[in-house]
Amino acid sequence: MISSAMEKALNDQINKELYSAYYYYAMAAYLDVEGFEGMANFMKAQAMEETAHAQKFYDYVNEQGGRVILEAIDKPPAEYDSPKHIFELGLEHEKFVTSRIHSLVSLALDEKDYATKQFLDWFVKEQVEEEATMDNILNKFKMIGSGGHGLYMLDAKLGERKPASSESDED
Ligand code: FEO
């Protein structure tokens, strides 16, 4: 069983993960219309991964006898300055999600809720990867500078990402 405070905090995280999916879809929509289909593909795969994260929290709340309550999802921005700007926002957003996961871990430890702490360990590790992925892509943007050829190559490279629905099932 989880406490009602933990149930509320986990439900809030479901909302944050679904907002993440929404945010990345909004970024994909901008990239698609600007002609960066590869980067749009990357963001769509990212959005699907976020939905899988939400599902993981959903299943855990149920497993622990809690009740999933879905709240409204905030509207993400529609306009962005450039593809690089999008990945800067992506990194910033992942850092925000990391801080939320760490707050959940702190709550679990305060409550001596070791089952939830163990459940959250997967997300702690996942967030290290999420931030590293965005950071690596940003480094590539810095290498490219304003060169159109480099941007074209990076778009093609990011277009290779496959939607990995099983990615978040790895324990
Ligand atoms: Fe679910 Fe990208 O954190």
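What you are looking at is a predicted structure, and each value in this text was computed from that prediction instead of being measured. Sequence order as written defines residue numbering, which begins from 1 separately in each chain. Only residues with pLDDT of at least 70 are given local features in this predicted model, and only at 80 or more are side-chain atom pairs given and counted; all residues enter the totals for whole chains, interfaces and linings. Excluded from the side-chain calculations are hydrogens and water; all other atoms, namely the structure's heavy atoms, are used.

### Quick word on the overall build of the protein
Working step 1: In this description a helix means any DSSP run of H or I spanning at least four residues, a strand means any run of E spanning at least two, and both kinds are numbered starting from the N terminus. Helix and strand counts for the protein come out as five helices and zero strands.
Working step 2: Overall, the protein shows an N-to-C arrangement of helices and strands of α-α-α-α-α.
Working step 3: Its C-alpha atoms give the protein a radius of gyration of 17 Å, within 12% of the compact-globule value 16 Å for 171 residues.
Working step 4: If you line up the protein on its principal axes, its C-alpha atoms span 55 × 25 × 25 Å.
Working step 5: Exposed residues in this analysis have more than 50% of their type's maximum accessible area, buried residues have under 20%, and partly exposed residues fall in between, with area computed by a 1.4 Å probe over protein chains only. A total of 171 residues make up the protein; the buried ones form 44% of that total.
Working step 6: Here, residues are in contact when the closest pair of their heavy atoms is within 4.5 Å. Long-range pairs, those at least 24 residues apart, make up 81% of the contacts in the protein between residues at least 6 apart in sequence. Restricting the calculation to C-alpha atoms gives the radius of gyration, and the globule rule supplies 2.2 Å times the number of residues raised to the power 0.38.

### What to know about the environment of Asp32
Working step 1: One can find Asp32 in helix 1 (residues 4–33).
Working step 2: Given the relative accessible area of 30%, Asp32 is considered partly exposed.
Working step 3: In contact with Asp32, not counting residues within four places along its chain, are Glu37, Ala40 and Lys44.
Working step 4: By the criterion applied in these results, polar contacts are pairs of N or O atoms within 3.5 Å in which, for protein atoms, one can donate a hydrogen and the other can accept it, and in which residues neighboring in sequence qualify only through two side-chain atoms. Here the side chain of Asp32 touches Lys44 through a polar contact of 3.0 Å, side chain to side chain.

### Remarks on the pattern of salt bridges
Working step 1: Whenever a carboxyl oxygen of Asp or Glu lies within 4 Å of a side-chain nitrogen of Lys or Arg, that contact is scored as a salt bridge. In total, this model carries eight salt bridges according to the counting rule given.
Working step 2: A salt bridge links Lys117 to Asp121; the shortest N-O distance between them is 2.7 Å. Taken together, the residues Lys117 and Asp121, both in helix 4 (residues 114–144) and four residues apart, mark about one turn of the helix.
Working step 3: For Lys117, a relative accessible area of 24% translates into the label partly exposed.
Working step 4: We note a salt bridge from Lys125 to Glu129, for which the minimum N-O separation is 3.8 Å. Here Lys125 and its partner Glu129 are both found in helix 4, four residues apart, which amounts to about one turn of the helix.
Working step 5: Of the residues examined, Lys125 reaches a relative accessible area of 56% and is grouped as exposed.
Working step 6: The exposure class assigned to Glu129 is partly exposed, which follows from its relative accessible area of 42%.
Working step 7: Residues joined in a network through salt bridges with shared partners are Asp12, Lys16 and Arg100.

### What about the layout of surface pockets?
Working step 1: Put simply, the grid is 1 Å and covers the protein atoms alone, a cavity is a trapped set of points that fit a 1.4 Å probe, a pocket is an open set with protein on both sides within 12 Å along at least five of seven lines, and lining residues have an atom within 4 Å of a point. Grid points are joined across faces, edges and corners, and a volume is the space filled by probe spheres set on the points. Space inside the second largest pocket adds up to approximately 150 Å³.
Working step 2: Lining the second largest pocket we find Ser4, Glu7, Lys8, Asn11, Asp12, Asn15, Arg67, Ile69 and Glu71.
Working step 3: Residues that form the lining of the second largest pocket fall into these classes: one nonpolar, three polar and five charged. Throughout this entry, Asp, Glu, Lys and Arg are counted as charged residues, while Ala, Val, Leu, Ile, Met, Phe, Trp, Tyr, Cys and Pro are counted as nonpolar. The remaining residues, Gly among them, count as polar.

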